[in-house]
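Chain residues, written in single-letter form:
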Amino acid sequence: MSVIVVTGTDTDVGKTVFAAALTVALGAHYWKPVQAGLEDGSDASTVVRLGVPAERVLPEAYRLTTPCSPHRAAEIDRVTIDPARLALPAVDGPLVVEGAGGVLVPVTRTLLYADLFARWQAPVVLVARTALGTINHSLLSIEALRTRGVPILGVAFSGEAVEDSEATIAAIAGVRRLGRLPRLDPLTPETLATAFAANFRLEDFR
Ligand SMILES: Nc1ncnc2c1ncn2[C@@H]1O[C@H](COP(=O)(O)OP(=O)(O)OP(=O)(O)O)[C@@H](O)[C@H]1O
Ligand SMILES: [Mg+2]
């Protein structure tokens, strides 16, 4: 089984949109282990809207109501997150897994997402904005992943082209620049698949 973990420099950077495009392109399954903020909808339903067949979306291990960090959302719902339930599920073919927020978001009060990624030992794609601030956020995220021994596949950018920022992150961190998804308007399964095919090389993810 080949697993790719999609994380990001922050919440709302475009992880779900990128993960949906990657899942479709690879013919993969998609899994969001912990969904917080159900009152605002779920990433699993978003990827289906963006073209992932519903039968290839695995159920979340935890579905939490409040839109905040999973450790707190669980406490509010009076749920205890058991890391043993966050082991990677076995599926036929590739699996794309989406984290929540950024790499040092707490899953529980004693486990960060980056720690979970280290347990999984699956290659991670860091989704980063191209907008101002991204060099700092990207380099910090990569340092945190490396400190924990998490394998990094590369950075996928989201937003309008900012050549120097994209090149600078790749050069200073010594990571692969996988490509960039531009802002799509409208954002549909068709425009997303076309943009992914035009801006990423599928071989990089196999
Ligand atoms: N390439 C894009 N074109 C158009 N809209 C986009 C694109 N990427 C992201 N968006 C929009 O930006 C918002 C945030 O994107 P997304 O939900 O993918 O972020 P996220 O990093 O997964 O957030 P979370 O931390 O909540 O999981 C959404 O409204 C999404 O539709
Ligand atoms: Mg998301």
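Provided above is the structure to which this section pertains.
Definitions and limits used
Residues numbered from 1 in each chain as written. Chains lettered and ligands numbered in written order. Predicted model: local features only at pLDDT ≥ 70, side-chain atom pairs only at ≥ 80, totals over all residues. Heavy atoms only, no water. Donors = N, O, S within 2.8 Å, 3.2 Å for Na, K, Ca; no water. Helix = DSSP H or I, 4+ residues; strand = E, 2+ residues; numbered from the N terminus. Buried < 20%, exposed > 50% of the residue type's maximum accessible area, 1.4 Å probe, protein only. Salt bridge = Lys/Arg side-chain N within 4 Å of Asp/Glu carboxyl O.

A. Layout of the coordination of the magnesium ion (ligand 2). The magnesium ion (ligand 2) binds to the protein through Thr 16 (OG1), Asp 43 (OD) and Glu 98 (OE), with metal-donor distances spanning 2.0 to 2.2 Å. Every donor residue of the magnesium ion (ligand 2) comes from the same chain, spaced as T-x26-D-x54-E. Here the residue Thr 16 occupies a position in helix H1 (residues 15–26), and Asp 43 occupies one in helix H2 (residues 43–49), the gap between them amounting to 27 residues. According to the relative accessible area criterion, Thr 16 is buried, its value standing at 11%. When its relative accessible area of 16% is taken as the criterion, Asp 43 is described as buried.

B. Main features of the pattern of salt bridges. Within this structure, the stated rule accounts for 12 salt bridges. The salt bridge partner of Lys 32 is Glu 98, with a shortest N-O separation of 3.4 Å. Taken together, the residues Lys 32 in the loop between strand S2 (29–31) and strand S3 (34–35) and Glu 98 in strand S5 (residues 95–98) connect sequence positions 66 residues apart. On the basis of relative accessibility, which here comes to 5%, the residue Lys 32 falls in the buried class. Taken together, the shared-partner salt bridges connect Glu 163, Glu 166, Arg 177 and Arg 180 into one network.

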